[in-house]
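Letter by letter, the chains look like this.
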Amino acid sequence: MRLLERMRKEWFMIGIVLAIAGAKLEPSIGVNGGPLKPEITVSYIAVATIFFNSGLSLKTEELTSALVHIKLHLFIQIFTLAFFPAAVWLFLQLLSITPINEWLLKGLQTVGCMPPPVSSAVILTKAVGGNEAAAIFNSAFGSFLGIVVTPLLLLLFLGSSSSVPFTSIFSQLFMTVVVPLIIGQIVRRYIKDWLERKQPPFGAVSSSVLLMIIYTTFCDTFSNPSIDLDKFSLLLVLFIICSIQLSFMLLTFIFSTRNNSGFTPADTVAVMFCSTHKSLTLGIPMLKIVFAGHEYLSLISVPLLIYHPVQILLGSVLVPTIKSWMVSRQKGVKLMRPTV
């Protein structure tokens, strides 16, 4: 089993490289409006598939236990939708004295205001073996909160007079997250014995869907005319984004592993991914709505277009390291338990 798992991870990393290379060579295939129709296949079908897959594979009792883990949910949501945007704002006050394009800096602020994604955090948490139920709950709940909170944060930090169609965004979230998850749980109830006996490759399915999301994301990135900036600016933004992600992952790790935190190693994994990942699927539509007609909308969107693939790549690279830490910590906890 370990050999198969290792082979799957290696093929997944190869798949990431191939997906990015394919997007670079021919971005028109996976761009919005292209042959793959990612605005439908990714935004609806791929996301729905991920949550149906999670609903089908997740034991109901685990999801129920996740619902009552109030402290964990509060930590993730407060970090994501309060601490994250505030910390970025303070950091950008320092960067404002540099020659970096001011609209790229505003774009970095919009990244901080975004809700968690409805796919990557769940898949990466599951890949590590962390608290998948908590990741699912916080990804879904955070996205719903983001429908209201994110536009308000954008207005607070950047300002705009546009209104936001909460109903349409809420409907999309409900249909692509909540409904597939519930259907998966209902189907599981009827085929539970078969699932436990056959053990379908849920991980492989999720990984395949994630590769599709990576491919179409990079297609958008490579085909977007806004990316036609000087290389120095792009490299600087990329460096800042990587620094923010790694710093915040380290910060969430430190806070969630304190002796009095009350979190398990599996909880820490969910915290690290859910608290630091940001949604491109919800983010770009929100930016287009809140800043409709803004002449610098394309520049404002660049950091989010970069942040999304970077968070997937960094998360994928860190999966083996985080999993090794979690397994060793869990073994240590078991050894410390007194024997009766």
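Note that the structure is a prediction, hence the values are computed from the model and not measured.

## Re the overall build of the chain
Right, on to step 1. A count of helices and strands for the chain gives 13 helices and 0 strands.
Right, on to step 2. Going from N to C terminus, the chain has its helices and strands arranged as α-α-α-α-α-α-α-α-α-α-α-α-α.
Right, on to step 3. Expressed as a percentage of the 340 residues in the chain, the buried residues total 49%.
Right, on to step 4. Across the chain, contacts joining residues at least 24 apart in sequence account for 85% of those joining residues at least 6 apart.

## Remarks on the packing of helix H10 (residues 231-256) against helix H11 (residues 265-276)
Right, on to step 1. Running from amino to carboxyl end, H10 crosses H11 at an angle of 145°, the nearest separation of the two axes being 9 Å. In the crossing of H10 with H11, the sense of the turn from one axis to the other is right-handed. Residues Phe248, Met249, Thr252, Phe253 and Ser256 of H10 lie in contact with H11, whose contacting residues are Thr268, Val271, Met272, Phe273, Ser275 and Thr276.
Right, on to step 2. Here the contact of H10 with H11 is built from residues that sort into 6 nonpolar, 5 polar and no charged.

## So, helix H5 (residues 102-113)
Right, on to step 1. For H5, spanning 12 residues, the distance from its first C-alpha to its last is 17 Å, which sits close to the expected 16 Å at 1.5 Å a residue.
Right, on to step 2. Burial within H5 is extensive, with 10 of its 12 residues counted as buried.
Right, on to step 3. If you check which residues of H5 are buried, you get Trp103, Leu104, Leu105, Gly107, Leu108, Gln109, Thr110, Val111, Gly112 and Cys113.
Right, on to step 4. By the N-cap criterion, in which a side-chain oxygen at the helix start approaches the backbone nitrogen of a residue two or three places on, H5 is capped by Asn101, the distance to Trp103 being 2.7 Å.

## So, the environment of Phe263
Right, on to step 1. When you line up the elements, Phe263 lands in the loop between H10 and H11.
Right, on to step 2. A relative accessible area of 14% means that Phe263 is categorised as buried.
Right, on to step 3. Considered as a pair, Phe263 and His69 are 194 residues apart in the sequence and their alpha carbons are 9.8 Å apart.
Right, on to step 4. If we ignore the near neighbours within four places in the chain, the residues touching Phe263 are His69, Lys71, Leu72, Phe75, Ser256 and Thr268.

## Looking at the side chain of Ser261
Right, on to step 1. Within the fold, Ser261 resides in the loop between H10 and H11.
Right, on to step 2. A distance of 2.9 Å separates the side chain of Ser261 from the backbone oxygen of Arg258, its partner in a polar contact.
Right, on to step 3. Here Phe263 takes part through its backbone nitrogen, which lies 3.3 Å from a polar atom of the side chain of Ser261.

## Here we look at unusual backbone geometry
Right, on to step 1. Positive phi values are uncommon outside glycine, yet Lys37 reaches one of about 50°.
Right, on to step 2. Judged by relative accessible area, Lys37 falls into the partly exposed class, the value being 37%.

## Observations regarding the UniProt feature "transmembrane region" (unreviewed entry) in the chain
Right, on to step 1. Listed under "transmembrane region" (unreviewed entry) in the UniProt record, and renumbered for this structure, are residues 41-58, 70-92, 135-158, 170-191, 203-222, 234-255 and 296-319.
Right, on to step 2. Annotated as residues 41-58, this span is 94% helix and 0% strand, and its ends, taken at the C-alpha atoms, are 24 Å apart.
Right, on to step 3. Structurally, residues 135-158 is divided into 96% helix and 0% strand, and its ends, taken at the C-alpha atoms, are 29 Å apart.

## Topic: the environment of Ala204
Right, on to step 1. Locating Ala204 in the fold gives a position in helix H9 (residues 202-223).
Right, on to step 2. By relative accessible area, which is 31% here, Ala204 ends up partly exposed.
Right, on to step 3. With 77 residues separating them in the primary sequence, Ala204 and Ala127 have C-alpha atoms 9.9 Å apart.

## Examining the environment of Gln77
Right, on to step 1. Mapped onto the elements, Gln77 comes out in helix H4 (residues 70-95).
Right, on to step 2. Under the relative-accessibility criterion, Gln77 is labelled buried at 9%.
Right, on to step 3. If we skip the residues at most four places from it in the chain, Gln77 touches Ala82, Asn138, Phe141, Gly142 and Leu145.

## A closer look at the packing of H4 against H11
Right, on to step 1. Contact geometry of H4 with H11 gives a least axis separation of 9 Å together with a crossing angle of 25°. The angle between the axes of H4 and H11 places the two elements in the roughly parallel class. In this structure, H4 meets H11 at a crossing whose hand is right-handed. Two secondary-structure elements touch here, H4 through Leu72, Phe75, Ile76, Phe79, Thr80 and Phe84 and H11 through Asp267, Ala270, Val271, Cys274, Ser275 and Thr276.
Right, on to step 2. Here the contact of H4 with H11 is composed, by residue class, of 8 nonpolar, 3 polar and 1 charged.

## Observations concerning a nonpolar patch on the surface
Right, on to step 1. The grouping of Trp11, Ile14 and Leu18 at the surface amounts to a nonpolar patch, some 360 Å² of accessible area in total.
Right, on to step 2. With respect to the element layout, Leu18 can be found in helix H1 (residues 2-25).
Right, on to step 3. Leu18 sits in the exposed class, given a relative accessible area of 57%.

## Describing helix H6 (residues 120-128)
Right, on to step 1. Counted residue by residue, H6 has 7 buried out of 9 residues, so it is predominantly covered.
Right, on to step 2. A positive phi of about 95° marks Gly129, the residue just after H6.

## A look at the packing of aromatic side chains
Right, on to step 1. This structure, assessed with the given rule, holds 8 aromatic pairs.
Right, on to step 2. Their ring planes at 75° and their centres at 5.8 Å tell us that Phe75 and Phe263 sit as a pair that is edge-to-face. Placement of Phe75 in helix H4 and of Phe263 in the loop between H10 and H11 is noted, with a sequence separation of 188 residues between them.
Right, on to step 3. Considering the side-chain rings of Phe83 and Phe248, the 6.0 Å spacing of their centres and the 55° angle between planes classify their relative orientation as tilted. With Phe83 in helix H4 and Phe248 in helix H10, this pair connects stretches of sequence that are 165 residues apart.
Right, on to step 4. Aromatic rings pair up to connect Phe75, Phe79, Phe83, Phe84, Phe248 and Phe263 into one cluster.
Right, on to step 5. The ring of Phe263 carries the charged tip of Lys71 above its face, separated from the ring centre by 5.8 Å.
Right, on to step 6. The ring of Trp103 is capped by Lys106, whose NZ or CZ atom sits 5.3 Å from the centre of that ring.

Cut-offs used in this document
- Residues numbered from 1 in each chain as written.
- Predicted model: local features only at pLDDT ≥ 70, side-chain atom pairs only at ≥ 80, totals over all residues.
- Heavy atoms only, no water.
- Helix = DSSP H or I, 4+ residues; strand = E, 2+ residues; numbered from the N terminus.
- Buried < 20%, exposed > 50% of the residue type's maximum accessible area, 1.4 Å probe, protein only.
- Contact = heavy atoms within 4.5 Å.
- Axes fitted to C-alpha atoms, helices over the stretch in contact; angles between N-to-C directions.
- Left-handed = near helix turned anticlockwise from the far one by under 90°.
- Nonpolar A, V, L, I, M, F, W, Y, C, P; charged D, E, K, R; others polar.
- Expected span 1.5 Å × (residues − 1).
- Polar contact = N/O pair within 3.5 Å; in protein donor to acceptor, adjacent residues only side chain to side chain.
- UniProt positions renumbered as here; feature names shortened; annotations may be inferred.
- Parallel < 35°, antiparallel > 145°, perpendicular 65-115°, else oblique.
- Patch = residues over 30% accessible without salt bridge, like charges linked within 9 Å, V, L, I, M, F, W, Y side chains within 5 Å.
- Areas by Shrake-Rupley, 256 points an atom, 1.4 Å probe, with all protein chains shown as cover.
- Salt bridge = Lys/Arg side-chain N within 4 Å of Asp/Glu carboxyl O.
- Phe/Tyr/Trp six-rings, centres within 6.5 Å; stacked < 30°, edge-to-face > 60°.
- Lys NZ or Arg CZ within 6 Å of the ring centre and 35° of its normal.

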